[in-house]
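One letter stands for each residue in the lines below.
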Amino acid sequence: MALLGECCSAALQPAASSSHSSHRAVYLQVPKNKLIDIDFSDVKFTVKDGRKGTKDVLRGVSGRYLSGELTAIMGPSGAGKSSLLNVVTGVQVSGVTGTVGGVSISEAGGASGFRKESCYITQDDMLNPLFTVHEIMTMAADFKLGSSLSTKAKQLVIEDILETLGLTGTRETRCCRLSGGQRKRVSIALELIDNPPVMFLDEPTTGLDSSASAQVVSTLKALARGGRTIVCTIHQPSASVFELFDHVHVIAKGRTVYQGSALSVVPFLQEAELPCPKYHNPADFLMDVASGELGDHGTNLERLANAKEWRGERSIIKDPTQDFTDKGTRKAMVLIRKPTELDRFWVLLHRSMIQLYRDWTVTHLKLALHFVVGIIFGLYFADAGWDGSKTISNFGFFMCTCVYLGYTSMMPAVLRFPQEMNTLKKEQYNNWYKLRTYYIAFIVANIPVQMVFCTVFTSMAYFISSQVADWTRFVMFLSMCQLLSIMSESIGLFLGTTCNPVNGTFLGAIFIAVCMLFAGFLVFLAHMPTYLSWAADLNYMRYALEGLSLSVYGYGRETLECPRTEIYCHFRVPATLLSEVGMEDGRYWIDVSALAAMIVLLRLVSFVTLKRKVSCNTR
Ligand SMILES: Nc1ncnc2c1ncn2[C@@H]1O[C@H](COP(=O)(O)OP(=O)(O)OP(=O)(O)O)[C@@H](O)[C@H]1O
């Protein structure tokens with residue numbers, strides 16, 4: 001159970017006001033027992049560089065970030081800012097030594113005490129473009145607050161956060177239409193829902209103009225005044241933005257060259273005998289010094305930064321109960337019972353369904369294409385279903401169906417997880433849900449859609465090519481197509497979780513070509529060399545082709561019609577085909593079982609590889 005905070009009427013209460021915003025200044029407060037200071041010392045981070053060499057990215061950095069303060073990690077490009085943030089958040093563990101929160105990083109495996117109480121907002125705003133601001137906020141509230149608050153209370157929390165961050169006007173705007181500054185603020189708003197006491201942000205002002213940057217930073221400062229420990233990396237801020245920071249930690253070449261208040265920078269530089277020129281932005285001058293443009297002062301600055309305390313007075317955190325007591329308002333505490341994974345499953349399922357419905361390239365276009373291609377297949381193999389003289393062509397129809405469904409199911413699946421990887425990593429770090437919940441919801445949402453696509457194509461192709469009009473045989477044929485399609489998708493998902501998208505699509509294409517070779521069409525099973533028969537036994541397309549052939553020609557199918565013009569109709573008796581291609585001993589249920597077993601196995605393996613990929617940066 002987590003404590004959301006003091007609340008009044010809805011769940012929030014007024015606090016500090018922001019000079020940069022005209023909207024009603026209401027900020028979430030962090031309860032006093034949840035205030036967290038972050039201490040770390042002698043943090044070193046070494047990476048492999050080249051074949052045998054190593055590179056020291058962080059060389060014994062120490063620091064203290066206090067609750068109620070907005071801290072900036074600054075430094076020239078490549079200084080190690082993001083690396084420091086990743087180490088402190090616990091995202092980067094391998095190659096790291098030192099202590100965070102008094103605990104050795106290598107012993108604790110990066111799991112510092114505040115890990116579960118913190119959120120990490122990465123540089124790319126991973127907002128789903130298909131949802132409105134209000135929709136993603138509602139989903140985040142469902143993920144984080146579950147049923148511990150009523151829907152109405154959750155809506156009030158959302159409205160208050162949106163108002164606090166100046167986003168009320170964008171409530172119904174889809175995320176793809178938000179401006180850069182609005183996107184940053186929505187990313188912050190999403191994480192504010194469960195009122196985390198620690199917030200890390202990687203370059204929240206990148207890509208913003210000076211006024212949008214000032215707006216974002218002043219919002220962060222106001223949130224910090226609610227008791228949060230807010231730490232962000234930042235590139236060359238303007239003088240007015242720089243002054244908003246309570247604490248500044250400057251890194252150069254992996255070492256601390258300044259740590260203290262923004263206002264102490266000028267005296268610090270004075271003491272280092274590097275006086276900041278009049279009318280010069282101290283932040284710019286500090287960066288010039290740190291990047292070595294004015295000579296190598298790194299060691300001197302490091303010594304001076306550690307020799308004296310440059311930190312300003314600790315910011316006073318307002319007592320959240322005070323305003324209410326003053327106004328005689330009744331105070332209430334909201335205890336947040338974390339939602340169960342089942343609750344989160346329903347939210348994820350709902351999100352996936354809406355996503356599938358709204359992304360017309362995924363659903364509408366595919367549906368139309370399957371419909372049209374199904375008709376083309378049907379017309380191309382017209383009469384092949386009943387005409388005994390076209391039985392081999394009909395066997396070709398089965399093979400083409402396998403290849404078509406194989407490609408169209410596998411290729412989009414290769415890209416599926418890589419496309420969502422960054423969002424997935426962010427939501428995993430911020431404890432929105434467990435990966436297995438996401439994976440199950442993905443499967444449950446996706447398989448029916450895959451089945452609908454397959455049904456549309458198969459129905460068109462089956463009936464237009466005049467296949468046998470027997471419902472049992474049609475259902476057998478359709479089921480085999482469904483299994484083939486789901487199996488192909490499983491292979492695509494596996495490739496997407498093991499290689500990059502370019503290699504994945506390349507390997508997928510080659511894989512289907514090889515499967516086609518051993519499916520029993522180009523070389524019939526009866527003609528295949530025995531030492532290569534194992535390749536056919538492992539080949540899912542072989543089972544699919546056999547299953548399709550058996551559903552149409554097996555199980556005592558009656559003799560086919562042949563046109564009078566045909567003097568000799570070799571495949572008039574359907575069993576002849578099955579016997580010549582080596583499928584006379586085939587059993588439909590064995591093919592179904594083989595495909596089903598392969599699907600289950602691959603889905604399990606894909607989960608393991610997905611898990612590895614999601615956590616690959618964190619160990
Ligand atoms: N996992 C890693 N493997 C190899 N090199 C790394 C790794 N992580 C960081 N580095 C190197 O460490 C240095 C510091 O990287 P970092 O991203 O922390 O810098 P930064 O200060 O955030 O830079 P920027 O402002 O340009 O984003 C860079 O030279 C980078 O190439």
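How each quantity is defined
- Residues numbered from 1 in each chain as written.
- Predicted model: local features only at pLDDT ≥ 70, side-chain atom pairs only at ≥ 80, totals over all residues.
- Axes fitted to C-alpha atoms, helices over the stretch in contact; angles between N-to-C directions.
- Helix = DSSP H or I, 4+ residues; strand = E, 2+ residues; numbered from the N terminus.
- Parallel < 35°, antiparallel > 145°, perpendicular 65-115°, else oblique.
- Left-handed = near helix turned anticlockwise from the far one by under 90°.
- Contact = placed C-beta atoms within 7 Å.
- Nonpolar A, V, L, I, M, F, W, Y, C, P; charged D, E, K, R; others polar.
- Pairing = 2+ DSSP bridges.
- Expected span 1.5 Å × (residues − 1).
- Domains from an automatic or database assignment.
- UniProt positions renumbered as here; feature names shortened; annotations may be inferred.
- Core = buried A, V, L, I, M, F, W, Y, C linked by C-beta atoms within 7 Å.
- Buried ≥ 20, exposed ≤ 12 C-beta atoms within 10 Å, placed from the backbone.

1. Observations regarding the packing of helix α14 (residues 391-429) against helix α19 (residues 540-553)
Orientation of α14 relative to α19, taken along the N-to-C sense of each, is 135 degrees, at an axis distance of 10 Å. Viewed along their axes, α14 and α19 adopt a mutual orientation that is oblique. Seen along the crossing, α14 lies across α19 with a hand that is right-handed. Counting all contacts with α14, which are made through F395, F398, M399, T401, C402 and G406, the residues of α19 involved are M541, A544, L545, L548 and S549. Classifying every residue of the contact of α14 with α19 by side-chain character gives eight nonpolar, three polar and no charged.

2. A look at the pairing of strand β2 (residues 38-49)
Bridge count for β2 against strand β3 (residues 53-65) is ten bridges, and the pairing is antiparallel. By the bridge assignment, I38 is partnered in β3 with Y65. Note that β2 and strand β5 (residues 96-100) share four bridges and pair antiparallel. Pairing of K44 across the sheet is with T97, part of β5.

3. Quick look at α19
With 14 residues, α19 extends 20 Å from end C-alpha to end C-alpha; this agrees with the ideal 20 Å at 1.5 Å per step. At the exit of α19 stands Y555, carrying a positive phi of roughly 50 degrees.

4. Describing the domain arrangement of the protein chain
Its domain assignment divides the protein chain into domain 1 (38-124 + 196-307), domain 2 (128-177) and domain 3 (341-617). Spacing between the C-alpha centres of domain 1 and domain 2 amounts to 31 Å.

5. Notes on the sheet that holds β3
Reading across the sheet, the four strands line up as β3-β2-β5-β6 and stay open at both edges, with antiparallel pairing between neighbours. A single partner strand is all that each edge strand has here, and the edge strands are β3 and β6 (103-104).

6. Looking at the UniProt feature "transmembrane region" (unreviewed entry) in the protein chain
Mapped onto the present numbering, the UniProt feature "transmembrane region" (unreviewed entry) falls at residues 360-382, 394-417, 438-462, 474-495, 507-528 and 588-610. Counting secondary structure, residues 588-610 comes out at 100% helix and 0% strand; the distance between its end C-alpha atoms is 33 Å.

7. Quick look at the sheet that holds strand β8 (residues 198-201)
Pairing in this open sheet of six strands is mixed, and the strands run β7-β8-β9-β4-β10-β11 from one edge to the other. Whereas interior strands pair on both sides, the edge strands pair on one side only; in this sheet they are β7 (118-121) and β11 (255-260). Across the sheet, the mean angle from the axis of one strand to that of its neighbour is 15 degrees, orientation sign disregarded. Pairing between β8 and strand β9 (residues 229-233): four bridges, direction parallel. Bridge pairing in β9 places M199 opposite I230.

8. Structural notes on the nonpolar core
Core analysis: the largest hydrophobic core is formed by 150 residues, its most contacted members being M137, A189, V250, L286 and A544. Per-element tally for this core: the top contributor is helix α16 (residues 471-498), with twelve residues.

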